Amino acid sequence: PAQLRRAVVPADRDADITVSGLERPSDIVSYERVRSTPLLLAGVLALLAMATVAHALATVVRRRRRDLAVLKTLGFTRRQVSGSVAWQATTFGVVALLVGMPTGIVVGRWAWITLADDLGTVAQPIVPLLALLLGVPLVLLLANAVAFVPGRVAAGLRPARVLRSE
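Residues numbered from 1 in each chain as written. Predicted model: local features only at pLDDT ≥ 70, side-chain atom pairs only at ≥ 80, totals over all residues. Heavy atoms only, no water.

**With respect to the pattern of salt bridges**
Phase 1 of the analysis: All told, the structure shown has one salt bridge when counted by the stated rule.
Phase 2 of the analysis: As a salt-bridge pair, Arg 64 and Asp 67 come within 2.9 Å of each other at their nearest N and O atoms.
Phase 3 of the analysis: In this structure Asp 67 comes out as partly exposed when scored by relative accessible area, which is 36%. (Salt bridge = Lys/Arg side-chain N within 4 Å of Asp/Glu carboxyl O. Buried < 20%, exposed > 50% of the residue type's maximum accessible area, 1.4 Å probe, protein only.)

This is the structure in structure tokens:
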């Protein structure tokens, strides 16, 4: 600050010059205050996705009771019936990942660039590869965890009772 004062103010004048650090625009400071909002939104969306998978699997088990009963009659064990529900959950997860990850990357980068342009800052969108790589097994694990209860229900079906009702 002393060198700046000598360079700016002539020697015969005494002036106070205050040099402050880098100041960020108020819009950027406001966005920093809501930093946890995207994480909260992601959590809510994950819960909704898990509820959707659970509902879909419960509906499939209810609607396909006859097919599951026929499979048990043909020799499927309880474990195999439960496994077929788990495989369906895995398929849901794989399809969701194949559609959601590329779409999320493209839309997320576009949204970030648009926001940065509106704020007048440099857009440097970053794709968190580690989070994406950890997300794949996490999605599959959660889908199969959700499939546990519908799988147990399907495994507990009694073929005679289900087939007699038709």
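**Overview of the packing of helix α3 (residues 37-63) against helix α5 (residues 78-119)**
The relative placement of two packed helices is expressed as an angle between their axes plus a distance between the axes.
Phase 1 of the analysis: As a packed pair, α3 and α5 sit with axes 11 Å apart at the nearest point and diverge in direction by 140°. Here α3 lies oblique to α5, going by the angle between them. Read as a crossing pair, α3 and α5 show a hand that is right-handed. For the pair α3 and α5, the contacting residues are Val 53, Ala 56, Leu 57, Val 60 and Val 61 in the first and Val 85, Gln 88, Ala 89 and Phe 92 in the second. (Axes fitted to C-alpha atoms, helices over the stretch in contact; angles between N-to-C directions. Helix = DSSP H or I, 4+ residues; strand = E, 2+ residues; numbered from the N terminus. Parallel < 35°, antiparallel > 145°, perpendicular 65-115°, else oblique. Left-handed = near helix turned anticlockwise from the far one by under 90°. Contact = heavy atoms within 4.5 Å.)

**A few points about the side chain of Lys 72**
Phase 1 of the analysis: Residue placement: Lys 72 occurs in helix α4 (residues 65-73).
Phase 2 of the analysis: Among buried Asp, Glu, Lys and Arg side chains, Lys 72 stands out as unpaired, with Asp 67 the closest opposite charge at 14 Å.
Phase 3 of the analysis: Here the side chain of Lys 72 touches Leu 157 through a polar contact of 2.8 Å, landing on its backbone oxygen.
Phase 4 of the analysis: The residues contacting Lys 72, other than those within four sequence positions of it, are Arg 78, Val 81, Ala 154, Ala 155, Gly 156, Leu 157 and Pro 159. (Lys, Arg positive; Asp, Glu negative; His and termini not counted. Polar contact = N/O pair within 3.5 Å; in protein donor to acceptor, adjacent residues only side chain to side chain.)

**So, a nonpolar patch on the surface**
Phase 1 of the analysis: A surface patch of nonpolar side chains, amounting to about 490 Å² of accessible area, comprises Leu 40, Leu 41, Val 44, Leu 45 and Leu 48.
Phase 2 of the analysis: Position of Leu 45 among the secondary structure elements: in helix α3. (Patch = residues over 30% accessible without salt bridge, like charges linked within 9 Å, V, L, I, M, F, W, Y side chains within 5 Å. Areas by Shrake-Rupley, 256 points an atom, 1.4 Å probe, with all protein chains shown as cover.)

**With respect to the nonpolar core**
Phase 1 of the analysis: Counting 14 residues, the largest nonpolar core has Leu 57, Val 61, Leu 68, Val 85, Ala 89, Ala 147 and Ala 154 as its most contacted members.
Phase 2 of the analysis: If sequence neighbours within four positions are ignored, Ala 154 has contacts with Val 61, Leu 68, Lys 72, Val 81 and Val 85. (Core = buried A, V, L, I, M, F, W, Y, C linked by side-chain atoms within 4.5 Å.)

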